[in-house]
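Working through the structure, step by step
Here are the chains, one letter per residue:
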Amino acid sequence: MSPRQACALPGYCALYVGVVGLLIYLSQGMVHLLLRRNWIGRIRLALTLVGLPFTVCSSGVRPTISCAPSYPFRTTKTITTTTTSCCKLCTTSVRTMPSSAALHVKSRCPQYPGSKIKRFPVPDDKVDWSQKWPQYNPVNHTDPAVLKKPVWADAEIGVFSPKFNTVDAGVDRTSFEGPYKVENGKPLNPHGRTGVTGRGLLGRWGPNHAADPIVTRWKADAKGAKILHSVSKRPILQFVAIKRKDCGEWAIPGGMVDPGEQVSLTLQREFSEEALNSLSVTPAERAKIHERINKLFKSPGFQVYKGYVDDPRNTDNAWMETVAVNFHDESGNSVSELPLQAGDDAGQVKWVDVDSSFALYASHSHFLELVAKERKAHW
């Protein structure tokens, strides 16, 4: 009996789904197949009903599994900026993704990325800190690279005492989610348990802030006229995409906010470094890049998202948050004329048509869908 045939009969549907769910729990190799058939919701329901944990690493947008980090961590770079205020965020009619709409999922991936560490399994009904769970015994893990105390990382709690829920010596320890709890001197993930304590691959205790610049233009013909999609009849947007070196997936360029740095500067810097490779060009070329970038990033930006990121690097005590902003080259005469060149965090970079069929890393498809709707473009 096929899945559709089974679920056409109410008496068989729950039993069928339960059996499928248990098989997946025993064999992770089957998850890929069932996800492609959109069975996540049924599997989650079945396993929840029988009291078993269900954790998959999916973006919530596409039926894929990925536990790679959402943002490549920068180690040591010297950054020079040419302006102190280069971005105005349009917040009057912003439609953003709800940051607390669902339980975090990638943050409970069975194996912590970049390690052999296995998370303590956390079922959906035990994620929230308000649920008492005496049996909870998470593994403590902080990556050796973080323990070496690079410039982007905190020291261990006890060696120093950071001031949480405030800006502490230039480091923004506030959360977009609001005040978070601190227990035994350590911050608690506002979205609940993850099965791992410590910082994992993240440098900061508490929120680790990132920024994602979404740079778009209209796809145009040789005469400069907008090209309409053959089906939707709407104009086609293009955005600058990078191919990540760590996982080989296409993504929006982005990175971490440096201590004391305005998010507006992070957006500009990360785009310049990852999509235009501004760190390796001559001073004359760098000046040209900054001139074009400044022109684009001075324009009003559409704030697409601001909040918690369901990232596989998250732990009970450290987590990712981001601001995603769309900067649109309406006339096509700013960054559109610059040659794209991949920086050290990117394998490739190119202009890509905004389309729902184009597979993207993590939750980046969510961001682009909102951009397309805001711009009244094809999706």
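First, a word on what this report is: a plain description of the structure on this page. (Residues numbered from 1 in each chain as written. Predicted model: local features only at pLDDT ≥ 70, side-chain atom pairs only at ≥ 80, totals over all residues. Heavy atoms only, no water.)

**Section: the packing of aromatic side chains**
Here a ring pair, both rings aromatic, is described through the centre-centre distance and the interplanar angle of the planes. Threshold: Ring geometry is summarised as follows: Phe, Tyr and Trp rings, the Trp one being its six-membered ring, pair when their centres sit within 6.5 Å, and such pairs are stacked at plane angles under 30 degrees, edge-to-face over 60 and tilted between the two. A run of H or I in DSSP counts as a helix once it spans at least four residues, and a run of E counts as a strand once it spans at least two, with each numbered from the N terminus. Burial classes: relative accessible area under 20% of the type maximum marks a residue as buried, over 50% as exposed, and values in between as partly exposed (1.4 Å probe, protein chains only).
Counted by the stated rule, this structure contains seven aromatic pairs. Relative to Tyr-180, the ring of Phe-164 lies with its centre 6.3 Å away and its plane at 70°, an arrangement referred to as edge-to-face. Here Phe-164, found in the loop between helix H5 (144-147) and strand S3 (167-168), pairs with Tyr-180, found in the loop between strand S4 (171-172) and strand S5 (182-183); they are 16 residues apart in sequence, far enough to count as distant. The class of Tyr-180 is buried, set by a relative accessible area of 5%. Feature note: the residues Phe-120, Trp-133 and Tyr-136 constitute an aromatic cluster, connected by ring pairs.

**Here we look at the pairing of strand S8 (residues 206-218)**
Definition in use: For two strands to be treated as a pair, DSSP must find at least two bridges joining them.
For S8, the buried fraction is high: 13 of the 13 residues fall into the buried class. Across 12 bridges, the pairing between S8 and strand S13 (residues 318-329) is parallel. Its bridge partner being in S13, Pro-207 is matched across the sheet by Trp-319. In terms of strand pairing, S8 meets strand S9 (residues 237-244) through three bridges, oriented antiparallel. Following the sheet pairing, Arg-217 is matched in S9 by Gln-238.

**Quick look at the environment of Ser-161**
Turning to its location among the elements, Ser-161 is positioned in the loop between H5 and S3. Note on Ser-161: relative accessible area 68%, which makes it exposed. When the C-alpha atoms of Ser-161 and Gly-185 are compared, they prove to be 7.7 Å apart, with 24 residues separating the residues in sequence.

**Focus: the environment of Arg-269**
Turning to its location among the elements, Arg-269 is positioned in helix H6 (residues 263-275). Using a relative accessible area of 4% as the deciding quantity, one classes Arg-269 as buried. As for Arg-269 and His-290, which are separated by 21 residues in sequence, their C-alpha atoms are 9.5 Å apart.

**Some remarks on helix H8 (residues 364-375)**
Let me state the cut-off plainly: A helix is expected to span 1.5 Å multiplied by its residue count minus one. Here a residue-residue contact requires only that any non-hydrogen atoms of the pair lie within 4.5 Å.
The terminal C-alpha atoms of H8, which comprises 12 residues, lie 17 Å apart, in line with the 16 Å expected from a rise of 1.5 Å per residue. For H8, the full list of buried residues reads His-364, Ser-365, Phe-367, Leu-368, Leu-370, Val-371 and Ala-372. In this structure, the buried residues of H8 make contact with S8, S9, strand S10 (250-251), strand S12 (300-309) and S13.

**A short note on the pattern of salt bridges**
So the rule is basically this: Salt bridges, as used here, are contacts in which a Lys or Arg side-chain nitrogen is within 4 Å of a carboxyl oxygen on Asp or Glu.
As enumerated under the stated definition, the model contains 10 salt bridges in all. We note a salt bridge from Asp-124 to Arg-108, for which the minimum N-O separation is 2.9 Å. With Asp-124 in the loop between strand S1 (88-90) and strand S2 (139-142) and Arg-108 in the loop between S1 and S2, the pair connects residues that are 16 residues apart, well separated along the chain. Each member of the pair, Asp-124 together with Arg-108, is buried. Note that Arg-204 and Asp-154 form a salt bridge whose closest N and O atoms lie 2.8 Å from each other. In this pair, Arg-204 sits in the loop between strand S7 (196-200) and S8 while Asp-154 sits in the loop between H5 and S3, placing the two residues 50 residues apart along the sequence. For the pair Arg-204 and Asp-154, a shared accessibility class is recorded, and that class is buried. Each of Asp-154, Asp-168, Arg-173 and Arg-204 takes part in one network of salt bridges that share partners.

**Section: unusual backbone geometry**
For Asn-165, which is not a glycine, the phi torsion comes out positive at approximately 60°. You can see Asn-165 is positioned in the loop between H5 and S3. Positive phi values are uncommon outside glycine, yet Asn-184 reaches one of about 55°.

**Digging into the environment of Lys-106**
Its place among the elements puts Lys-106 in the loop between S1 and S2. Looking at Lys-106, the relative accessible area reads 6%, which means it is buried.

**Digging into the nonpolar core**
Convention followed: Joining through side-chain atoms within 4.5 Å is the link that ties buried Ala, Val, Leu, Ile, Met, Phe, Trp, Tyr and Cys residues into a set, and such a set is a nonpolar core.
In this structure, Ile-214, Phe-239, Val-304 and Phe-367 are the most contacted members of the largest nonpolar core, which totals 20 residues. If one sorts the elements of this core by residue count, H8 sits on top with five residues. Listed in part, the 19 residues of the second largest apolar core include Val-215, Val-240, Val-281 and Leu-296.

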